[in-house]
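Each chain, written out:
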Number of protein chains: 2
Amino acid sequence: MPRALLVILDGCADRPVKELGGKTPLEFAVKPTIDRLTAEGSCGLMDVISPGIRPGSDTAHLAIFGYDPYKYYPGRGPFEALGAGLMLSPSDVAFRANVATVNNDLIVVDRRGGRYIDPSEVKEIENVINNEVLPALKSKYGIDAVYKQTVEHRGVLVLKGGVSPHVSDTDPHVIGAKVSEAKALSSDAKITADYINEFTRLVYEKLSSAEFNEKRRRDGKGPINMVLLRGAGSLKNFEPLSSRYRIKPAIIAGVALIRGIGVALGMEPIHVDNYIGSKDDDFTTAFQAAARALKDHDFVFLHVKPTDSMSHDGDAEGKAMIIERVDTGLRRFLEEAPSDTYIFITCDHATPIVVKEHTGDPVPFMAWGPDVMRDDVTRFSERDCIKGFWTRIRGIDVMNIIANYLGTLEKFGE
Amino acid sequence: MPRALLVILDGCADRPVKELGGKTPLEFAVKPTIDRLTAEGSCGLMDVISPGIRPGSDTAHLAIFGYDPYKYYPGRGPFEALGAGLMLSPSDVAFRANVATVNNDLIVVDRRGGRYIDPSEVKEIENVINNEVLPALKSKYGIDAVYKQTVEHRGVLVLKGGVSPHVSDTDPHVIGAKVSEAKALSSDAKITADYINEFTRLVYEKLSSAEFNEKRRRDGKGPINMVLLRGAGSLKNFEPLSSRYRIKPAIIAGVALIRGIGVALGMEPIHVDNYIGSKDDDFTTAFQAAARALKDHDFVFLHVKPTDSMSHDGDAEGKAMIIERVDTGLRRFLEEAPSDTYIFITCDHATPIVVKEHTGDPVPFMAWGPDVMRDDVTRFSERDCIKGFWTRIRGIDVMNIIANYLGTLEKFGE
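Residues numbered from 1 in each chain as written. Chains lettered and ligands numbered in written order. Predicted model: local features only at pLDDT ≥ 70, side-chain atom pairs only at ≥ 80, totals over all residues. Heavy atoms only, no water.

Visitor: I would appreciate a short explanation of the overall build of chain A in the present structure.
Guide: A count of helices and strands for chain A gives 14 helices and 13 strands. The principal-axis extents of the C-alpha atoms in chain A amount to approximately 65 × 55 × 35 Å. Considering chain A as a whole, with its 414 residues, one finds that 61% of them fall into the buried category. When contacts within chain A are restricted to residue pairs at least 6 apart in sequence, those whose partners lie at least 24 apart make up 72%. (Helix = DSSP H or I, 4+ residues; strand = E, 2+ residues; numbered from the N terminus. Buried < 20%, exposed > 50% of the residue type's maximum accessible area, 1.4 Å probe, protein only. Contact = heavy atoms within 4.5 Å.)

Encoded structure:
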């Protein structure tokens, strides 16, 4: 039975980079394996959402997995919660959180609390919120809740049952502004908004006097004394990929958000040591795990994060180097994967080095496998893929194209 | 901060023309500046609405400005009114008007009253209608109204408040047919239909006996004794471009209809002397005005009309000559525009010389700017642009693509 690997190179598509001689990182990188598959397979350009639209990683992955984000996107909160390993029912409301530093007037001084949070601090922050703040709120509002730090300054707050997602952010989104009041955006959200505003007050009070902040002050660091909330949302009921495309799917992703999306869509998460979405990720082990997973799944999704992180940092050569290490991993995959495996490679969006942010540029797409059409494209890049068999597709088409090769799709009509 | 110029060459896309040696006017014209930008930038083909659909200039521009015409098009009347400088509220109903010649049985002899209307005649027509016809109707129906001639035989009638746009045309659209009765197309349109039929009778009576028609008869011309109405509609409430794309937009357009669309979408109209949408338009001055406008706007739209008019007249060499004069204007623009300016060139539809009417053929699209991908296309034409980076886009994508380069678009998701 045929099976498929889908590799998403996060933010890998780019624009010409001066320090790479006007090439894009994909054009500059030496990637013999990816380019051999490209020469043997067929290519195209892909608009992840539609031309010019700048996708987030969340909406982009939803689209690529076949779920129209305009219909299915529930805001960042629920996906962050899933990625953190929290279980969510559709009646829960999840908020994306940032730990932050505010002054006495609740003016935001640092939206990320210095970004790197020490593991001991993470534990203390979670303790204060889960053991002091949330129980006090529970006795006042009768609402169960849980708070968890995820990566660096990021966290998630989940309110369980009887609440509304229609409340505005407390995160003012810029430094120098005051923490916002949560406002009810619909008539049933009054209590939730009150709860959130009380949460803001209590978090400030309890964190400000927490012991770890004494130490931070002694070390000359700003205190972590606020949790900024945004992107309130409830999880939709997704039809799982298994029934939608009649596949048995698995996901290898170091980033909580992406793994969370996969899990919400019914993919089995596969853990890989030293694969956490950082620039030191072990791609060879990840690709080996993918090859192994294809022995009892017919679809494995492998997410590569640091191509995106390198772009956000403006590191063109670093980005090219990540591509080269992915290429090495892919070579190992080819040695170990079942022989009837199709391979698809694309990106969830462009993150051009010159912009350092996600953009709405089209991204390259490649399909390889026993009976995939061979076109004239011999290099996997933004410019080369124009001339390929797939010309121009959209993110929402990817799973249908994959299922078409796997032969799992129901015929539409007779 | 980056900024953008969008040039629409009205009806410029074409089909092969025998007298140009089988080339299209874009292939035939010598246009070194446009072709240099093409060589340095990236191209594609664009379906303005969707493949094969013949757009009007109004629906085409709505689409290119990002407003789905199937959702937003209110009929020709409201845009003609805006273009004529009339203020419209959403409760007003506007009709596109033609002054015409009819015989004693109200059979249309000339749908355009000879097309060229002398300024003194325009004044008299407006006088008769605004001072004799409309006041009589006001006293009978209590409806305020205003009539205005725009360009040549074209005019606009606006009924203010308490009326319905759901009435059929009085314009039979062909010569040799009788002026049509306006029919109510919904139950609330009965009074409006009665009003319009009374308007037809009164206009015929009052214009027939007007003094300027005595002179026309003496000069051997048919009288201008009818106003044919069509395209009744009310203006929608458009979200302005400024909030939709977070830009400060301006428009340079000689044609009232196009300027009207721009104004309705919140563009600041910029007047250019000797730029009225005729074949004698001063493109160099228009492009200079565009360069100047980009100093305090981040988006300037420049409309080129006579490429379309030349096609309607079947003048292939004239069309090529217009393209060459536009090219000269663009060279001047490059000398005077801010250095961080992106340039986008496309057409609102094809008007092939061999057809002399709008067609639904795809049109070329070009993007140029500091970090725009350079593809292999070196000439801006229907056939060359196929091979470009943008492969195939739609009119509705243009503003998203522009905003993507300007970096003004909100990210969708995180």
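The discussion continues.
Visitor: Where do I start with the interface of chain A and chain B in this structure?
Guide: It is common to give the size of an interface as the accessible area that goes away when the parts come together. Across the boundary between the two partners, chain A contributes 34 residues, which contact 23 residues of chain B. Taking the shortest distance from any N to any O, the salt bridge between A:R15 and B:D371 comes out at 2.6 Å. Applying the counting criterion to the chain A and chain B interface returns 12 residue pairs in polar contact (both at pLDDT 80 or more). Where the side of chain A that touches chain B is concerned, the elements lending two or more residues are helix 3 (57–64), helix 4 (69–72) and strand 13 (391–394) of chain A. Take the side of chain A that touches chain B: its biggest share by element is three residues, from helix 3 of chain A. (Salt bridge = Lys/Arg side-chain N within 4 Å of Asp/Glu carboxyl O. Polar contact = N/O pair within 3.5 Å; in protein donor to acceptor, adjacent residues only side chain to side chain.)

Visitor: When you look at the pattern of salt bridges in this model, what are you seeing that I'm missing?
Guide: Any two side chains of opposite charge can pair if their charged atoms end up close together. Residue and element names in this part refer to chain A. A complete count under the given rule lists 56 salt bridges over all chains for this structure. Between K190 and D194 there is a salt bridge, with the nearest N and O atoms lying 3.2 Å from each other. Of the two residues, K190 and D194 are both situated in helix 7 (residues 190–208); the distance of four residues between them amounts to about one turn of the helix. Under the relative-accessibility criterion, D194 is labelled partly exposed at 30%. Between R332 and E335 there is a salt bridge, with the nearest N and O atoms lying 3.6 Å from each other. Taken together, the residues R332 and E335, both in helix 13 (residues 316–336) and three residues apart, mark about one turn of the helix. Overlapping salt bridges bring together E27, R379, R383 and D384 as one network.

Visitor: What should I look at first to understand the relation of the copies chain A and chain B in this one?
Guide: Both copies of the chain are related through a single rotation about an axis accompanied by a shift along the same axis. Once turned by 120° and shifted 0.1 Å along the axis, chain A lies on chain B with an RMSD of 0.2 Å. Read as a symmetry element, the transformation amounts to a three-fold axis. Comparing interface residues between copies, only 6% of those in chain A also lie at the interface in chain B; the contact surfaces differ. (Least-squares fit on C-alpha atoms with pLDDT ≥ 70 in both.)

Visitor: Looking at this structure, how should I read the domain arrangement of chain A?
Guide: Residue and element names in this part refer to chain A. By the assigned domains, chain A splits into domain 1 (3–74 + 238–406) and domain 2 (81–233). For domain 1 versus domain 2, the separation of C-alpha centres amounts to 33 Å. The interface of domain 1 with domain 2 comprises six residues on the first partner and five residues on the second. In this assembly, domain 1 packs against domain 2 so that about 370 Å² is buried in total across both faces, 67% of it on carbon and sulfur atoms. On the domain 1 side of the contact with domain 2, P74, A256 and G260 bury the most area, a combined 71% of that side's loss. Taken together, the links from domain 1 to domain 2 amount to zero residue pairs in polar contact (both at pLDDT 80 or more). (Domains from an automatic or database assignment. Buried area = accessible area lost by both parts, 1.4 Å probe.)

Visitor: Got a minute to help me understand the packing of aromatic side chains in this structure?
Guide: This structure, assessed with the given rule, holds 32 aromatic pairs over all chains. Relative to B:F412, the ring of A:Y73 lies with its centre 5.8 Å away and its plane at 80°, an arrangement referred to as edge-to-face. Of this pair, A:Y73 sits in the loop between helix 4 and helix 5 (76–83) while B:F412 sits in the segment after helix 14 (398–406), which puts the two residues in different chains. For the residue pair A:Y73 and B:F412, the accessibility class agrees, reading buried in each case. Where B:F65 meets B:F301, the ring centres are 4.9 Å apart and the plane angle is 80°; that geometry is what we call edge-to-face. (Phe/Tyr/Trp six-rings, centres within 6.5 Å; stacked < 30°, edge-to-face > 60°.)

Visitor: What is the right way to read the sheet that holds strand 1 (residues 3–9) of chain A from this model?
Guide: Each strand in a sheet pairs with its neighbour through backbone hydrogen bonds, running either in the same direction (parallel) or in the opposite one (antiparallel). Residue and element names in this part refer to chain A. Taking strand neighbours across the sheet as the criterion, the eight strands line up as 9-8-10-1-11-12-2-13 in an open arrangement whose pairing is mixed. The outermost strands of the open sheet, each flanked by one partner alone, are strand 9 (268–269) and strand 13. As judged from the six bridges shared by strand 1 and strand 11 (residues 341–346), these two strands associate in the parallel manner. By the bridge assignment, R3 is partnered in strand 11 with T341. Relative to strand 12 (residues 363–368), helix 2 (residues 32–40) is tilted by about 70°, and along the sheet it contacts strand 2 (42–47), strand 11 and strand 12. Sitting on the sheet, helix 11 (residues 283–293) touches strand 1, strand 8 (249–252) and strand 10 (299–304), and the angle it makes with strand 10 is about 170°. (Pairing = 2+ DSSP bridges. Axes fitted to C-alpha atoms, helices over the stretch in contact; angles between N-to-C directions.)

Visitor: Would you explain the pairing of strand 12 of chain A in this entry?
Guide: For a regular strand, the rule is simple: side chains alternate between the two faces of the sheet. Residue and element names in this part refer to chain A. Where burial is concerned, most of strand 12 is hidden: six out of the six residues are buried. Going residue by residue along strand 12, you find V363, F365 and A367 tucked away on one face and P364, M366 and W368 tucked away on the opposite face as well. Looking at chain direction, strand 2 and strand 12 are connected through five bridges and run antiparallel. Pairing of L45 across the sheet is with P364, part of strand 12. Across four bridges, strand 11 lies against strand 12 in antiparallel orientation. By the bridge assignment for strand 12, T346 is matched with F365.

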